[in-house]
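Letter by letter, the chains look like this.
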Amino acid sequence: MPHSIESLFLDWVFVSYETIGWGGVCVLMVLESTGIPFPSELIMPVAGWVLVAAQDKGHIWVWWAGLVGAVGNLGGSLLTYWVCRRWGRHMLVRYGKYVLITEQDVVRCELWFAKYGEPAVFFGRVIPLFRTFISIPAGIVGMDLGKFAVYTFFGGLPWCLGLAYAGFILGENWELLRGTMRPLEFPIAIGFSLLVAWFLIRRISQVRSQK
């Protein structure tokens, strides 16, 4: 996320926390978890600073911040899950051919998710970018709702708690955390882009070989 956009987003974060407090943390985490690019790496540390440290509240409130963030994360993830479960598979099967995705690809995804989906949802909640979008395949393949909710909540709780605690410790210097984590996003984004490129090249080759 460019610095100028981050600055605008931060202004909104501060206003939200000043006006609705903990409700702002929850709402912003809901938005972040639906795929809107509001990074939790900004939301949670600022909460730990502005709503806890700056108000001279104790460590127990850091746990509260982590809990509120995890609840927001669960809410947004459930919304994404429901949309993808309701329409995702149908849309992919019907229109996926326009982006070189076949029904066989969807079936393979379902088989992979049946085998690895639970740990992917749980551990994926602590991986930047990946954590935001893992709800999409979970919904498309129809992962058990109860398991999805449990793995999402308990997978996201340490992430939200750790970021809030970092903001609590660093105080107004919390941006040092963002500066440390920002470079990690680029390798993940590049890896994801390469994976998409590999899939498209492979699919194009398969289509040409069938002609």
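The structure presented is a predicted model; accordingly, all values stated were derived computationally and were not measured. (Residues numbered from 1 in each chain as written. Predicted model: local features only at pLDDT ≥ 70, side-chain atom pairs only at ≥ 80, totals over all residues. Heavy atoms only, no water.)

For the rest of this paragraph, the subject is the side chain of Glu32. Mapped onto the fold, Glu32 is located in helix 2 (residues 22–33). Of the polar contacts made by the side chain of Glu32, one reaches the side chain of Ser33; its length is 3.2 Å. Discounting chain neighbours no more than four positions away, the residues touching Glu32 are Phe38, Pro39, Ser40, Ile43, Asn73, Arg131 and Thr132. (Helix = DSSP H or I, 4+ residues; strand = E, 2+ residues; numbered from the N terminus. Polar contact = N/O pair within 3.5 Å; in protein donor to acceptor, adjacent residues only side chain to side chain. Contact = heavy atoms within 4.5 Å.)

Moving on, we come to the confidence of the model for the protein chain. Put simply, the protein chain has an average pLDDT of 80, and 74% of its residues get 70 or more. The spread of mean pLDDT over the elements of the protein chain runs between helix 9 (residues 175–209), the lowest at 58, and helix 8 (residues 145–170), the highest at 93. (pLDDT = per-residue confidence, 0-100.)

Let us look at the nonpolar core. The biggest cluster of nonpolar side chains holds 26 residues, and the ones touching the most others in it are Tyr17, Val25, Ile43 and Met44. Breaking this core down by element, the ones donating at least two residues are helix 1 (3–20), helix 2, helix 3 (40–52), helix 4 (60–95) and helix 8. When residues of this core are assigned to their parent elements, the largest contribution, 8 residues, is made by helix 3. Those residues in contact with Met44 that lie beyond four places of it in its chain are Val25, Met29, Ala65, Gly66, Gly69, Cys160, Leu163 and Ala164. Among the nonpolar cores identified, the runner-up in size contains 8 residues, and Ala120, Val121, Ile134 and Met143 belong to it. (Core = buried A, V, L, I, M, F, W, Y, C linked by side-chain atoms within 4.5 Å. Buried < 20%, exposed > 50% of the residue type's maximum accessible area, 1.4 Å probe, protein only.)

What follows concerns helix 3. If you check helix 3, its first and last C-alpha atoms are 17 Å apart, about what 13 residues at 1.5 Å a residue would give, namely 18 Å. Summarising burial for helix 3: 12 of the 13 residues are buried, a large majority. Looking only at helix 3, the buried set comprises Ser40, Glu41, Leu42, Ile43, Met44, Pro45, Val46, Ala47, Gly48, Val50, Leu51 and Val52. (Expected span 1.5 Å × (residues − 1).)

Our focus in this paragraph is the pattern of salt bridges. Summed over all chains, the structure comprises 2 salt bridges. Here Arg131 and Glu32 are joined by a salt bridge, their closest N and O atoms 2.6 Å apart. Placement of Arg131 in helix 6 (residues 130–133) and of Glu32 in helix 2 is noted, with a sequence separation of 99 residues between them. In this pair, the class of Arg131 matches that of Glu32, namely buried. Between Glu118 and Lys147 there is a salt bridge, with the nearest N and O atoms lying 3.1 Å from each other. Note that Glu118 is positioned in helix 5 (residues 103–124) and Lys147 in helix 8, a separation of 29 residues in sequence. (Salt bridge = Lys/Arg side-chain N within 4 Å of Asp/Glu carboxyl O.)

Right, let's talk about unusual backbone geometry for a bit. What is expected of a backbone is that most residues other than glycine have negative phi and most peptide bonds are trans. Residue Asp56 is not a glycine yet carries a positive backbone phi of 55°. Mapped onto the fold, Asp56 is located in the loop between helix 3 and helix 4.

On to the packing of aromatic side chains. All chains considered together, the criterion is met by 10 aromatic pairs. Summarising the aromatic geometry, the rings of Trp22 and Trp61 are spaced 6.2 Å apart at their centres and angled 20° between planes, so their arrangement reads as stacked. With a gap of 39 residues between them, Trp22 in helix 2 and Trp61 in helix 4 connect regions that are remote in the sequence. Taking the relative accessible area as the measure of exposure, Trp22 reaches 17% and is therefore buried. On the numbers, 4.6 Å between centres and 20° between planes, the contact of Tyr81 with Phe148 is stacked. Linking Tyr81 in helix 4 with Phe148 in helix 8, this pair joins segments that are 67 residues apart in sequence. For Phe148, a relative accessible area of 0% gives the class buried. Linked through ring pairs, Trp22, Trp61 and Trp64 together constitute an aromatic cluster. A cation over a ring is seen here: Lys57 above Trp61, with NZ or CZ 4.1 Å from the ring centre. (Phe/Tyr/Trp six-rings, centres within 6.5 Å; stacked < 30°, edge-to-face > 60°. Lys NZ or Arg CZ within 6 Å of the ring centre and 35° of its normal.)

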